[in-house]
Amino acid sequence: EAGVVQSPRYKIIEKKQPVAFWCNPISGHNTLYWYLQNLGQGPELLIRYENEEAVDDSQLPKDRFSAERLKGVDSTLKIQPAELGDSAVYLCASSPGPGGPYNEQFFGPGTRLTVL
Amino acid sequence: TQLLEQSPQFLSIQEGENLTVYCNSSSVFSSLQWYRQEPGEGPVLLVTVVTGGEVKKLKRLTFQFGDARKDSSLHITAAQPGDTGLYLCADNTDKLIFGTGTRLQVFP
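We now turn to the structure provided with this report. What you see is a predicted model; the values in this text were computed from it and never measured.

As a further point, take the sheet that holds strand 3 (residues 19–24) of chain A. Residues and elements named next belong to chain A. Taken in spatial order, the four strands of this open sheet run 1-3-8-7, and their pairing is antiparallel. Each end of this open sheet is capped by a strand with a single partner; those strands are strand 1 (5–7) and strand 7 (65–68). Strand-to-strand twist in this sheet, taken as the mean axis angle between neighbours without regard to direction, amounts to 15°. The pairing of strand 1 with strand 3 spans three bridges and is antiparallel. Its bridge partner lying in strand 3, Gln6 is registered against Cys23.

Another aspect to go through is the interface of chain B and chain A. If you look at the interface, chain B gives 22 residues, while chain A gives 22 residues. At the boundary of chain B with chain A, total buried surface from both sides reaches about 1600 Å², with 50% on carbon and sulfur atoms. For the pair chain B and chain A, the number of links is zero salt bridges. Our enumeration of links across chain B and chain A arrives at three residue pairs in polar contact (both at pLDDT 80 or more). Among the secondary structure elements, those contributing two or more residues to the side of chain B that touches chain A are strand 4 (32–37), strand 5 (44–49), strand 9 (85–92) and strand 10 (96–98) of chain B. Along the lines of polarity and charge, the residues of the side of chain B that touches chain A split into eight nonpolar, 10 polar and four charged.

Residue and element names in this part refer to chain A. If you walk through the whole model with that rule in mind, you get six salt bridges over all chains. The partner of Arg64 in a salt bridge is Glu83, and the shortest N-O contact between them spans 3.3 Å. Of the two residues, Arg64 sits in the loop between strand 6 (53–56) and strand 7 while Glu83 sits in the loop between strand 8 (75–79) and strand 9 (88–95), which places them 19 residues apart along the sequence. Across the pair Asp86 and Arg64 runs a salt bridge, and its minimum N-O distance is 2.6 Å. Linking Asp86 in the loop between strand 8 and strand 9 with Arg64 in the loop between strand 6 and strand 7, this pair joins segments that are 22 residues apart in sequence.

Quick look at the state of the cysteines now. Scanning all chains against the criterion turns up two disulfides over all chains. Two residues share a disulfide in this structure: Cys23(A) and Cys92(A), whose sulfurs sit 1.9 Å from each other. On the S-S bond that ties Cys23(A) to Cys92(A), the torsion sits near -70°, and the link is left-handed. Note that Cys23(A) is positioned in strand 3 and Cys92(A) in strand 9, a separation of 69 residues in sequence. Through a disulfide, Cys23(B) is tied to Cys89(B); the S-S separation comes to 2.0 Å. One quick way to see it: the torsion about the S-S bond of Cys23(B) and Cys89(B) is about 70°, and its sign makes the bridge right-handed. Taken together, the residues Cys23(B) in strand 3 (residues 19–25) and Cys89(B) in strand 9 connect sequence positions 66 residues apart. By the burial criterion, Cys23(B) is buried, and Cys89(B) matches it.

With that settled, consider the nonpolar core. Ranked by internal contacts, the top residues of the largest apolar core, which has 22 residues, are Phe21(A), Trp34(A), Leu46(A), Leu77(A), Ile79(A), Tyr90(A) and Leu113(A). Elements with a minimum of two residues in this core: strand 3, strand 4 (31–37), strand 5 (44–50), strand 8, strand 9 and strand 11 (111–115) of chain A. Ignoring any residue separated from it by four or fewer positions in sequence, one finds Tyr90(A) in contact with Gln6(A), Phe21(A), Tyr35(A), Leu36(A), Leu46(A), Phe65(A), Leu77(A), Ile79(A), Gly110(A), Thr111(A) and Leu113(A). Ile13(B), Val21(B), Val47(B) and Leu74(B) belong to the second largest nonpolar core, which has 21 residues in total.

The subject of this paragraph is the environment of Gly108(A). Here Gly108(A) lies in the loop between strand 10 (106–107) and strand 11. C-alpha separation for the pair Gly108(A) and Cys92(A), spaced 16 residues apart in sequence, amounts to 5.5 Å. With residues up to four places along the chain from it excluded, the contact list for Gly108(A) reads Val4(A), Gln6(A), Leu91(A), Cys92(A), Glu41(B) and Gly42(B).

Thresholds applied
Residues numbered from 1 in each chain as written. Chains lettered and ligands numbered in written order. Predicted model: local features only at pLDDT ≥ 70, side-chain atom pairs only at ≥ 80, totals over all residues. Heavy atoms only, no water. Pairing = 2+ DSSP bridges. Helix = DSSP H or I, 4+ residues; strand = E, 2+ residues; numbered from the N terminus. Axes fitted to C-alpha atoms, helices over the stretch in contact; angles between N-to-C directions. Contact = heavy atoms within 4.5 Å. Buried area = accessible area lost by both parts, 1.4 Å probe. Salt bridge = Lys/Arg side-chain N within 4 Å of Asp/Glu carboxyl O. Polar contact = N/O pair within 3.5 Å; in protein donor to acceptor, adjacent residues only side chain to side chain. Nonpolar A, V, L, I, M, F, W, Y, C, P; charged D, E, K, R; others polar. Disulfide = S-S within 2.5 Å. Buried < 20%, exposed > 50% of the residue type's maximum accessible area, 1.4 Å probe, protein only. Core = buried A, V, L, I, M, F, W, Y, C linked by side-chain atoms within 4.5 Å.

In structure tokens form, the structure reads like this:
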């Protein structure tokens, strides 16, 4: 079974440019998450989807970040315009159902963004 | 806001040594998960603990959940180079809140 797929794996852009990341979750997983991970730290949740509905976007900086999951399958995270401080790894994860003690999230390899 | 502090932040040891990593929370865990993340990859779940005082073993890894469910430890016996990575604890309610991480390097 294929895992969570993310692309691109690496992206280098200049500040003020737009950038987009794509994620395809594990087949059949209704819940999709986007995380931001700074170097040497734990991931921080940006947004969580249940099917196509964003049920938790409280940590998403909505002035420059946006996300969509139009058909409840794959998802895109966008930053416009990018700032130097956005340099980080952006992780996508999916799970069969909503959160809870026995819910396991499966993570993709991430997209490493460098903003120059 | 819940804070999960892990210690030590960095650990560099020789193959065959034992080590313990700690995770402490400012509030009671709903349930606690431990993850390992290798360079260039996403975190991978190692274990979930729910009950205070619970102990789980996964080969050379032993996970312990504090009685008050505010702390946890991960003990690795006879570490191997393949154990190298970033170890993360996380509180799992409806979303994961990760700890600060412990970066482990095991040298042959």
